[in-house]
Amino acid sequence: MYLVRLRKRKAAERRASGRVPRKPRPPVKDLGVPDSVLLARYEAGETYRAIGQGFGVGRGLIKDRVDRARAERAAVLDQGPFPGGP
């Protein structure tokens, strides 16, 4: 019974604090090349799987990096030739 009460008390404290505990994530793996290079290779016709095999990582990691590079490029293009200007 002691452990049940202890768990309930700790759960109530967590709810009261408003903080959600999160599992720590592994650090971002450094592939040695910028994400824009991965995007260029993908746009040249290479598959996510082939790029990932070249770096020894999965296709999911490559897809995330390519998507991030694509979003960054779109953000830069949306700013126009004179950022901050009319």
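This structure is a prediction, so every number in the text was calculated from the model and none was measured.

Engineer: Kindly report on the overall build of the protein chain, identifying the contributing residues and their values.
Structural biologist: Helix and strand counts for the protein chain stand at four helices and zero strands. At 22 Å, the protein chain has a C-alpha radius of gyration far larger than the 12 Å of a compact globule built from 86 residues. Overall size of the protein chain, expressed as C-alpha extent along the three principal axes, is 65 × 45 × 20 Å. Scored against the burial criterion, the 86 residues of the protein chain give a buried share of 15%. Considering only contacts within the protein chain whose residues lie at least 6 apart along the sequence, 56% involve residues at least 24 apart. When the accessible surface of the protein chain is split by element, carbon and sulfur atoms take 56% of a total near 7300 Å². Side chains of the protein chain give 20 positive and 9 negative charges; the mean places of these two sets differ by 17 Å.

Engineer: Would you mind going over the packing of aromatic side chains in detail, with residue names and values included?
Structural biologist: Tallied over the full model, the rule gives one aromatic pair. The interplanar angle of 0° and the centroid separation of 4.2 Å between the aromatic rings of Tyr42 and Tyr48 together place this pair among those described as stacked. Since its relative accessible area comes to 11%, Tyr48 is described here as buried.

Engineer: Give a detailed account of the nonpolar core, specifying residues and quantitative values.
Structural biologist: In this structure, Leu31, Leu38, Leu39, Tyr48, Ile51, Val57, Ile62, Val66 and Ala69 together form the largest nonpolar core, which totals nine residues. Put simply, the parts of the chain that give this core at least two residues each are helix 2 (35-43), helix 3 (48-55) and helix 4 (59-79). Every residue in contact with Tyr48, bar those within four places of it in the chain, is listed here: Tyr42, Arg59, Ile62, Lys63, Val66 and Asp67.

Engineer: With reference to specific residues and values, describe the pattern of salt bridges.
Structural biologist: For the coordinates displayed, the defined rule picks out six salt bridges. A salt bridge links Arg41 to Glu46, with the shortest nitrogen-to-oxygen separation between them at 2.8 Å. The closest approach of N and O atoms between Glu43 and Arg73, which form a salt bridge, is 2.9 Å. Highlighted residues: Glu43 in helix 2 and Arg73 in helix 4, separated in sequence by 30 residues.

Engineer: Describe helix 2, naming the residues involved and giving the relevant values.
Structural biologist: Inspection of helix 2 places Asp35, Leu38 and Leu39 among the buried residues, and these make up the whole buried set. Down the axis, helix 2 shows its buried residues gathered within 100° of arc, on one side only. Those residues of helix 2 that are buried lie in contact with helix 3 and helix 4. Gly45, located one to two residues past helix 2, shows a positive phi value of around 115°.

About the thresholds
Residues numbered from 1 in each chain as written. Predicted model: local features only at pLDDT ≥ 70, side-chain atom pairs only at ≥ 80, totals over all residues. Heavy atoms only, no water. Helix = DSSP H or I, 4+ residues; strand = E, 2+ residues; numbered from the N terminus. Rg over C-alpha atoms; globule rule 2.2 N^0.38 Å. Buried < 20%, exposed > 50% of the residue type's maximum accessible area, 1.4 Å probe, protein only. Contact = heavy atoms within 4.5 Å. Areas by Shrake-Rupley, 256 points an atom, 1.4 Å probe, with all protein chains shown as cover. Lys, Arg positive; Asp, Glu negative; His and termini not counted. Charge placed at Lys NZ, Arg CZ, Asp CG, Glu CD. Phe/Tyr/Trp six-rings, centres within 6.5 Å; stacked < 30°, edge-to-face > 60°. Core = buried A, V, L, I, M, F, W, Y, C linked by side-chain atoms within 4.5 Å. Salt bridge = Lys/Arg side-chain N within 4 Å of Asp/Glu carboxyl O. Arc of directions from axis to C-beta.

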